[in-house]
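Given next are the chains, with one letter for each unit.
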Amino acid sequence: MAKYVLTRLRQSVITLFLVSIVVFAGIRALPGDPALALAGEERSPKALAAIRTEYGLDDNIVIQYARFIGHALQGDLGTSSRTGLPVADAIGQALPVTLELAALSLLLAIVLGIGAGIVAAVRRGRPAEWIANGLALLGLSIPTFWLGIVLVLAFAIALPVSAASGFVPFGTDPIDNLRRMVLPAIVLGSGLAAVVMRQTRAAMLDSLSADYVRTARAKGLSRRAVIGGHALRNSLVTVVTVLGLQLGHLISGAVVTEQIFVLPGFGKLTIDAVFTRDYATLQGVVLCTSAAYIFINLLVDVAYSVIDPRIRLGGAR
């Protein structure tokens, strides 16, 4: 187990290093001069030259990258040209909001998606499967922005049981926090729940028709033991893959949802950085999002090894 985890950890570190190069080069390839954005209205040649010297923009690209990665390893992602505050502080304030939204959306997707997928597979050809498939198709078809607006109109204006916008930290007021986060979580988690349901149903149908499930039934095991202990566990590899990929998508794809509900998360931070040409913030956000993807993939690989030991043994070799 330890050898398998170390192998995957080494691969993740190498991947993160390559991603940092791509992010750094991609930000530098954007149109516009960072010195112009930093100079504001003071755009005299002397001011621009002073800014380039101060921020090292006139250095070789390799030297700039070495300086960037050295500071990043120390937790310094630069200074925002929009606010003048450290980028790490801005990310530290926005990240918990997006992580909470992603966690609530993922919880909703797991409970509804896996539950509905199991029911649809076990009761194949019955009304329960038709209802589950219909709801999954509905979740995949409804645009996020439209669903968000409808939920605001229904549950924040017509029937004011939830807040339409804003954010309150969980530590300050847990009840108000959940009131403000439940609608965004439904918007963001409904599509994921539909994907998880479809994948769970397909994987469960394959498992229920496998020889080992028929053998378990022939041995006299209970229906619950056959479905939960054999069919579901062997279906979880596919489900965990989907959840891992979609969790990274939730973190980076919450832009629309956070804009609708005015949540001060990663989405709003990214939009503000793009519109104001805040290259340092944009660079930090993209790097953190990429690191989140890599970390989630590492967790998925570890989960594989727990669910199916054969994957662990094969990966260690």
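Below is a summary of the structure that appears in this document. (Residues numbered from 1 in each chain as written. Predicted model: local features only at pLDDT ≥ 70, side-chain atom pairs only at ≥ 80, totals over all residues. Heavy atoms only, no water.)

Locating Ser105 in the fold gives a position in helix H5 (residues 87-122). Setting aside residues up to four positions removed in sequence, Ser105 forms contacts with Pro184, Ala185, Leu188, Gly189 and Leu250. (Helix = DSSP H or I, 4+ residues; strand = E, 2+ residues; numbered from the N terminus. Contact = heavy atoms within 4.5 Å.)

Right, let's get into helix H4 (residues 61-73). Compared with an ideal rise of 1.5 Å per residue, which puts 13 residues at 18 Å, H4 spans 18 Å between its outermost C-alpha atoms and is within 8% of the ideal. For H4, every residue scored as buried is listed here: Gln64, Tyr65 and Phe68. Looking straight down H4, one finds that the buried residues subtend no more than 95° of arc, so they occupy a single side. When the buried face of H4 is taken as reference, the exposed residues oriented beyond 90 degrees from it are Val62 and Leu73. Backbone geometry just after H4 places Gly75 at a positive phi near 85°. (Expected span 1.5 Å × (residues − 1). Buried < 20%, exposed > 50% of the residue type's maximum accessible area, 1.4 Å probe, protein only. Arc of directions from axis to C-beta.)

Attention now goes to the environment of Gln93. As for its position among the elements, Gln93 is in helix H5. A residue is classified by how much of its surface remains accessible, and Gln93, at 62% relative accessible area, is exposed.

A cluster of basic side chains, namely Arg123, Arg126, Arg217 and Arg223, defines a positive patch on the protein surface. Tracing the sequence through the fold places Arg126 in the loop between H5 and helix H6 (127-141). On the accessibility criterion, Arg126 (45% relative accessible area) is partly exposed. (Patch = residues over 30% accessible without salt bridge, like charges linked within 9 Å, V, L, I, M, F, W, Y side chains within 5 Å. Areas by Shrake-Rupley, 256 points an atom, 1.4 Å probe, with all protein chains shown as cover. Salt bridge = Lys/Arg side-chain N within 4 Å of Asp/Glu carboxyl O. Lys, Arg positive; Asp, Glu negative; His and termini not counted. Charge placed at Lys NZ, Arg CZ, Asp CG, Glu CD.)

Here we come to unusual backbone geometry. Located in the positive-phi region is Val262, a residue other than glycine, with phi close to 50°. Along the chain, Val262 turns up in the loop between helix H11 (255-260) and helix H12 (266-275). Overall, the relative accessible area of 45% leaves Val262 in the partly exposed class.

At a closest axis distance of 11 Å, the pairing of helix H1 (residues 2-28) and H4 adopts a crossing angle of 125°. Classified by the interaxial angle, the pair formed by H1 and H4 is oblique. Viewed along their axes, H1 and H4 form a crossing whose handedness is right-handed. For the pair H1 and H4, the contacting residues are Phe17, Ser20, Ile21, Phe24 and Arg28 in the first and Ile61, Gln64, Tyr65, Phe68 and Ile69 in the second. Taken together, the residues of the contact of H1 with H4 sort by class into seven nonpolar, two polar and one charged. (Axes fitted to C-alpha atoms, helices over the stretch in contact; angles between N-to-C directions. Parallel < 35°, antiparallel > 145°, perpendicular 65-115°, else oblique. Left-handed = near helix turned anticlockwise from the far one by under 90°. Nonpolar A, V, L, I, M, F, W, Y, C, P; charged D, E, K, R; others polar.)

Attention now moves to the environment of Gly113. As for its placement among the helices and strands, Gly113 is situated in helix H5. Along the primary structure Gly113 and Val195 are separated by 82 residues, whereas in three dimensions their C-alpha atoms are 7.4 Å apart. Filtering out sequence-adjacent residues up to four positions away, Gly113 remains in contact with Leu108, Ala193, Val196, Met197 and Thr200.

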